[in-house]
Amino acid sequence: MRKLTNRVLRGLVALTVAGLGLAVTPAVARADVFEVNEGVVDGALALSPDVTGLTGKYQEAVTLGPGNAFSATLVVNFTAYTSGAPITDQIGAYDPGEITEGEGGDPDVDDSNLYSLYALVTVEGTYSLLPNTPPGQNLFSFQVADATADIYVDPLRDTTLNYTVPSATGGAGDDMYILTASAVLPYPDSFGSVFTSVTTGAVLGGSYAIVFTNPTLVNPDGPLYWPGLVGFTLSGTASGDVDPASECDDCVFPSNVRGDTSIAFNLETVPEPATMSLLAIGLLGAGAAARRRRKA
């Protein structure tokens, strides 16, 4: 009888430990969808779209230093949320000072509910000039080591952004501080490449990706604006292309680089404290039962 009891008890302990392990191990959740609460932005309509990410444009200045080190500062202007495809929402194109005049100055279009969503980003690492490129072209390869990103909501679209020194101009006035990230997966997960003209320095194209490992909502505005990200551990990928001179008349490397960007968050569940406590109590109870049976 004791052998049978001990066998059952060992099974109970094993199940409890296994359950505790499942609670501690993050499970992949709906990584492609999260909710936005636009109603917390002053003047915006109380919409709550379910989205998959963000798209927008960026402007960047790159500094090439000694020892093949580089640093870059970027301003990202998000222009739409995505849900399989860009969706109509209240994020307006960044236009300082334009509040209620209508997109493009059209008086028939009421954009008084629009606001801007922007990010300030710094990137550091090393670069190399790759050989075997087409005649007349340079190919700069950027090995990203560190990056920081801060995302803000500008309710009135009246913040002046200077892309060469973004840290000096973010979060001014009535802006809402939404999210910060400061750790990345380094090269080759995070990288950049830019083709330029050897003679003029005109940008001919390129691409990039930066994988952030610790995006964190900033209290109090972050959890209010992005409630669909609350309760998850986050990672995020910013990726996109570099506009060629044919799409950007004033783009010259390295002082003025522009392009498209998209942001996607990956969500993982966080173990609930109550669940972990119940499993721990079960494990302790199983141990106590074993001690009583041994004494008997």
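Residues numbered from 1 in each chain as written. Predicted model: local features only at pLDDT ≥ 70, side-chain atom pairs only at ≥ 80, totals over all residues. Heavy atoms only, no water.

*Asks:* It is not clear to me how empty space enclosed by the protein should be interpreted in this structure. Could you clarify?
*Replies:* One way to see where empty space is left: roll a probe the size of a water molecule over the atoms. Summed over the entire model, instances satisfying the criterion amount to 1 cavity of 30 Å³ or more. When its volume is computed, the largest cavity comes out at roughly 460 Å³. Taken together, 35 residues form the lining of the largest cavity, with Leu 74, Val 121, Val 123, Tyr 208 and Ile 210 sitting closest to its centre. By residue number, the principal contributor to the lining of the largest cavity is strand β4 (residues 69-82), which donates 5 residues. Residue composition of the lining of the largest cavity, grouped by class: 28 nonpolar, 6 polar and 1 charged. (1 Å grid on protein atoms, 1.4 Å probe; cavity = no way out; pocket = protein on both sides within 12 Å on 5 of 7 lines; lining within 4 Å. Points joined across faces, edges and corners; volume = space filled by probe spheres on them. Helix = DSSP H or I, 4+ residues; strand = E, 2+ residues; numbered from the N terminus. Nonpolar A, V, L, I, M, F, W, Y, C, P; charged D, E, K, R; others polar.)

*Asks:* What exactly am I supposed to notice about unusual backbone geometry here?
*Replies:* With glycine set apart, most residues show a phi of negative sign, and most peptide bonds adopt trans. Omega for the peptide link from Tyr 187 to Pro 188 comes to 10°, which places this bond in the cis form. Turning to its location among the elements, Pro 188 is positioned in the loop between β9 (184-185) and β10 (191-197). The phi angle at Asn 68 is positive, at roughly 60°, despite the residue not being glycine. Within the fold, Asn 68 resides in the loop between β3 (53-64) and β4. Of the residues examined, Asn 68 reaches a relative accessible area of 38% and is grouped as partly exposed. Even without glycine at this site, Arg 157 takes up a positive phi of about 55°. For Arg 157, the location among the structural elements is in the loop between β7 (137-154) and β8 (176-181). (Buried < 20%, exposed > 50% of the residue type's maximum accessible area, 1.4 Å probe, protein only.)

*Asks:* Looking at this model, I keep getting lost on the layout of surface pockets. Mind explaining?
*Replies:* Taken as a whole, the largest pocket spans an internal volume of roughly 220 Å³. Contributing to the lining of the largest pocket are 12 residues, with Tyr 58, Gln 59, Val 75, Asn 77 and Arg 258 lying nearest its centre. Contributing elements (two or more residues each) for the lining of the largest pocket: β3 and β4. For the lining of the largest pocket, the class distribution of residues is 6 nonpolar, 3 polar and 3 charged.

*Asks:* Please explain the pairing of strand β14 (residues 257-269) as it appears in this structure.
*Replies:* For a regular strand, the rule is simple: side chains alternate between the two faces of the sheet. Pairing of β3 with β14 involves 7 bridges; the strand directions are antiparallel. Within β14, the position partnered with Tyr 58 by the bridge is Gly 259. Across 11 bridges, the pairing between strand β13 (residues 232-242) and β14 is antiparallel. Pairing of Val 242 across the sheet is with Gly 259, part of β14. (Pairing = 2+ DSSP bridges.)

Any link to function would need more than the numbers given here.
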